[in-house]
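Residue-level structural notes
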Amino acid sequence: MVLGLTGQRRLRQIASLALLPLIALLASCGSPGATPIAKPVVQNKTPGKLLATKFPTIKLASAVTINWGNSPNLNLQGAKLITRFGVTYITELVGAKSQLFVRTTPKSSWDNLGNLPGDVVQLDFPSPNDGFALAETNGPGSVLDLYSTSDAGRSWKPVTSASFIQVHFFNSRDGIALFGASSNANGVPSLSISSTTDSGKTWNSASSLPVESYGYLIPRYVSFSFGSPETGYLAIGSEPGAGSQSKILFRTDNRGQTWREVSKSPSQYSPSALPMNGYLEQISFTSATTGYLVDARGPRGALYFTSDGGVHWSVMQILSASASPSTSLAYFRSTTPFGAVALTNIGSLWNQLRPGSPWVDLYPPYWAEKLSINKGTLAAVSRGGRALEIPVASGDPMAATKTPASTLLDFQLFDATKIAVSNRAIWTQVRSQAWERAPLPKGDQALFADFATPSTGIVAAIPNRNSILSTTDGGRRWERVSVPFMPLSPDVLSANDWWMIGGTVGSPVNNPYKKNVRVMTYYLYHTTNAGRSWTRYSSSLWSQISPYGVKFLDSSVVYLWTSNRLFLTTDGGRNFVARNLPSWLNISSGHGLAPGGNGKAWIADGSYPLLATSNFGASFDVASSKS
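Bear in mind that the values here come from a model prediction, so they are computed numbers and not experimental data. (Residues numbered from 1 in each chain as written. Predicted model: local features only at pLDDT ≥ 70, side-chain atom pairs only at ≥ 80, totals over all residues. Heavy atoms only, no water.)

1. A closer look at the overall build of the protein chain
Just so we agree on the cut-off: Put simply, DSSP H or I for four residues or longer makes a helix, DSSP E for two residues or longer makes a strand, and each gets a number counted from the N terminus. Residue contacts follow a heavy-atom distance rule, with two residues in contact if any of their heavy atoms lie within 4.5 Å. Values of accessible area rely on a 1.4 Å probe in the Shrake-Rupley scheme; residue burial ignores everything except the protein chains shown.
Within the protein chain, the regular secondary structure consists of zero helices and 52 strands. Pairs at least 24 apart in sequence give 48% of the contacts found in the protein chain among residues at least 6 apart. A total of about 25,600 Å² of accessible surface is found on the protein chain, and carbon and sulfur atoms cover 50% of it.

2. Points about the sheet that holds strand β28 (residues 360-363)
Condition: Two strands qualify as a pair provided that DSSP identifies no fewer than 2 bridges between them. Lines are fitted to the C-alpha atoms to define the axes, a helix being fitted only along its stretch in contact, and any angle between axes, read from their N-to-C directions, falls within 0 to 180 degrees.
In spatial order, the strands read β25-β26-β27-β28; together these four strands make up an open sheet with antiparallel pairing. Because the sheet does not close on itself, it has two edges, and the strands there are β25 (329-333) and β28. Direction aside, neighbouring strands of the sheet carry axes that sit 25 degrees apart on average. As paired strands, β25 and strand β26 (residues 340-344) are joined by four bridges and run antiparallel to one another. Looking at the pairing, Leu329 lines up with Thr344 of β26.

3. Some remarks on the packing of aromatic side chains
Put simply, the rule reads: Two rings from Phe, Tyr or Trp (for Trp, the six-membered ring) form a pair when their centres sit within 6.5 Å of each other. Planes less than 30 degrees apart are called stacked, planes more than 60 degrees apart edge-to-face, and all others tilted. Accessible area is worked out with a 1.4 Å probe on protein chains only. A residue is then buried under 20% of its type maximum, exposed over 50%, and partly exposed in between.
In the structure shown here, the tally under the stated rule is 27 aromatic pairs. Ring plane angle 50 degrees and centroid distance 5.7 Å describe the contact between Trp68 and Trp584, whose orientation is recorded as tilted. You can see Trp68 sitting in the loop between β4 (65-67) and β5 (77-82) and its partner Trp584 sitting in the loop between β48 (575-580) and β49 (593-595), a full 516 residues away along the chain. This pair shows no difference in class: Trp68 is buried, exactly as Trp584 is. Ring centres of Trp542 and Phe567 lie 5.3 Å apart, and the angle between their planes is 85 degrees; this geometry places the pair in the edge-to-face category. Separated by 25 residues along the polypeptide, Trp542 in the loop between β44 (533-537) and β45 (549-552) and Phe567 in strand β47 (residues 565-569) bring together distant segments of the chain. Phe567 shares its class with Trp542; the two are buried. Within the aromatic cluster, the residues linked to one another by ring pairs are Phe132, Phe164, Phe169, Phe179 and Trp203.

4. Re the sheet that holds strand β33 (residues 410-414)
Note: strands within a sheet are paired through backbone hydrogen bonds, in either parallel or antiparallel orientation. A sheet is described by the order of its strands in space; here four strands give the open sequence β33-β34-β35-β36, paired in antiparallel fashion. The two strands at the open ends of the sheet, each matched to only one other strand, are β33 and β36 (436-439). Between one strand axis and the next, the sheet turns by 20 degrees as a mean value, whatever way the strands run. Pairing analysis gives five bridges linking strand β34 (residues 417-421) to strand β35 (residues 425-430), with the strands arranged antiparallel. Bridge pairing links Ala420 to Trp427 in β35.

5. Digging into the pairing of β34
Of all five residues making up β34, four are buried, and the element is well covered by its neighbours. Relative to β34, β33 is paired through five bridges, and the arrangement is antiparallel. If you follow Asp410 over to β34, its bridge partner there is Val421. Once β33 ends, the chain turns through two residues before running back antiparallel as β34, passing Ala416 with a positive phi of about 65 degrees.

6. Some thoughts on the environment of Thr105
Tracing the sequence through the fold places Thr105 in the loop between β7 (97-103) and β8 (111-117). Residue classification places Thr105 among the partly exposed positions, given a relative accessible area of 24%. Thr105 sits 20 residues away from Phe85 along the chain, and the two C-alpha atoms are 8.7 Å apart. Excluding residues that lie within four positions of it along the chain, Thr105 makes contacts with Gly86 and Phe338.

7. Structural notes on the pairing of strand β30 (residues 377-382)
With six of six residues buried, β30 is to be regarded as a mostly interior element. Both faces of β30 are covered, namely the face carrying Thr377, Ala379 and Val381 and the face carrying Leu378, Ala380 and Ser382. Bridging between β30 and strand β31 (residues 386-391) involves six bridges; their strand directions are antiparallel. Bridged to Thr377 within β31 is Pro391. Linking two consecutive strands that pair antiparallel, namely β30 and β31, is a turn of three residues; a positive phi of about 100 degrees is found at Gly384 within it.

8. Quick notes on the pattern of salt bridges
Close approach of charged atoms lets side chains of opposite charge pair. To keep things clear, this is the line we draw: One side-chain nitrogen of Lys or Arg within 4 Å of one carboxyl oxygen of Asp or Glu is enough to make a salt bridge.
Throughout the structure, instances matching the rule amount to 10 salt bridges. Close ionic contact of Arg477 with Asp473 constitutes a salt bridge, the shortest N to O distance being 3.0 Å. Bridged by salt links that share partners, the residues Asp450, Asp491 and Lys551 form one connected network.

9. Details of unusual backbone geometry
Cis rather than trans, the peptide bond between Ile462 and Pro463 has omega equal to 15 degrees. Here Pro463 is to be found in the loop between β38 (457-462) and β39 (467-471). Geometrically, the link from Tyr608 to Pro609 is a cis peptide bond, its omega value of 0 degrees lying close to zero. Inspection of the secondary structure assignment puts Pro609 in the loop between β50 (601-603) and β51 (611-613). In this model, Lys375 sits at a positive phi of 50 degrees, which is unusual for a non-glycine residue. Structurally, Lys375 can be placed in the loop between β29 (368-374) and β30.

10. What about the side chain of Thr471?
Stated precisely, the cut-off is as follows: Between N or O atoms, a polar contact is any pair within 3.5 Å; within protein, one atom must be a potential hydrogen donor and the other a potential acceptor, and residues adjacent in sequence are included only when both atoms are from side chains.
Within the secondary structure layout, Thr471 lies in strand β39. A polar side-chain atom of Thr471 sits 3.0 Å from the main-chain amide nitrogen of Gly475. Beyond its immediate chain neighbours, meaning those up to four positions away, Thr471 contacts Phe451, Ser455, Thr456, Gly457, Arg476, Arg477 and Trp478.

11. A short note on the environment of Ser223
In this structure, Ser223 sits in strand β17 (residues 221-226). Residue classification places Ser223 among the buried positions, given a relative accessible area of 0%. For Ser223, the side chain forms a polar contact with the main-chain nitrogen of Ile283, separated by 3.0 Å.

12. A word on the confidence of the model for the protein chain
This is how the line gets drawn: For every residue, the pLDDT score states the predictor's confidence, bounded by 0 at the bottom and 100 at the top.
Per-residue pLDDT for the protein chain averages 86, and the proportion of residues at 70 or more is 89%. Across residues 1-34 the pLDDT falls below 50, and counting only partners more than four positions away or on other chains, this stretch makes 135 contacts in the model.

Take a look at the structure:
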């Protein structure tokens, strides 16, 4: 049971061009050379020139809509719960309602149970069928509404409204709740514990908590847990800051009638008392003395453990601390019919069948960041550098591909050919033969790349950020051409026909705090002669917001996207339709969109699942594939 900080997934932002992710993509249908390339030849070409600037007509259309079906949106997580029966619940706020999703076993699929009014802040299921929910329907700071269900969350009915902070039910009728009254002069609310015997319809005042002496305590993070019918614990965390938070743990031995302090932080007496670092997410006691504490922004992949009733705590590492994506925990249940179950703050579900056995990452199967498509199969790079093959036409299961790239930046499929890209080399595999390496010129490190065939393509690299490397023989020979902009996200149609996003640095801006502050302006650039001359496309809708990527289906149909809009042209750039994206959706930079025929396209944002459109981006559904 949790109230307070939820494990919402972070939204990616591009902080500066110098810190852009290293991205490279190689594509098409040729055959690599059989002779290993030890040292490529580099030839400097005549610098490219800007010929003209065009101003396309842009029409703003209705916003992009997303249909999630039975899949939860991991960007919008709200309340979460893993019951002692092994059932996992997640809510997400969409507009003025919260969608409720359930996973009846760790290995089952998600099921959309429907909506609850308002923002659900807590879920509690004392039995497989009987459950309760607290929801905020009138905005932050309002009283909370209590709802109940008797059919495992498929239908709900309102019970009452009050100044609830947290509830805990022992069964379908008996429960206790933490209430908050008006604040005192120090801003500390008066807290009380009340009980109910009629499923929450009426509440009887039972006791007050001795928190008035702790002037710093403002209960925004709260968690109940009972290890036995009589003995229970209540943890309260204050307003956090800079990664730390004051916490107090209370204990009752008479089902909530009276409470006493067990431990607090900071403590000047015991370094093993309640930890200051991290933000309280959950406490879970399995007996009167054994319990666990989950902290957001605490040790990655770890939680805190006590065996003396919460007096002393120690770190317990359960998941890898270096795993990508993040393994910071949001909810933990040590005992279920299916073993231990853990949920991370970005929505990964983990399972340990028995003590001592390895933890298994069950959901999601991947976190795709970069995409391309070849004949109904998506090639994806997942967070952590995994190369994946995801059939979206046949419905066959996903497959992982092992590549020799030490740091995988991109991966693409072709007819009988696979390409993996690192920041310093291109790796190509024909059928099941050994991978062949084509290194970039000495000193160059790829930032962005795209290939029209395995032989023909371009690379934007550091340290020279105002030039482009091009090859027509798979990287044996490179031509370097200087360009009048900083190339960011290229899309290559042929050896001569290139499109890309580029930025130009303006004059210094007066700034009393920093020197040499300049504004970057972004354009869409096009060349038909391998970079010798360029035409740029200008619009106020992307000039000051760095476009994340551009991707052509053919010479007419083009997608371009920024952090907040998706653009489409069907006439090669003369006219665009622009649609606003949901605020939580950030299509990955470089190659976050893979276009297909007949209005189809797939997008990745580093989360799960993939989204697919069949109407040129007007709406997206969850992409069909098997994990």
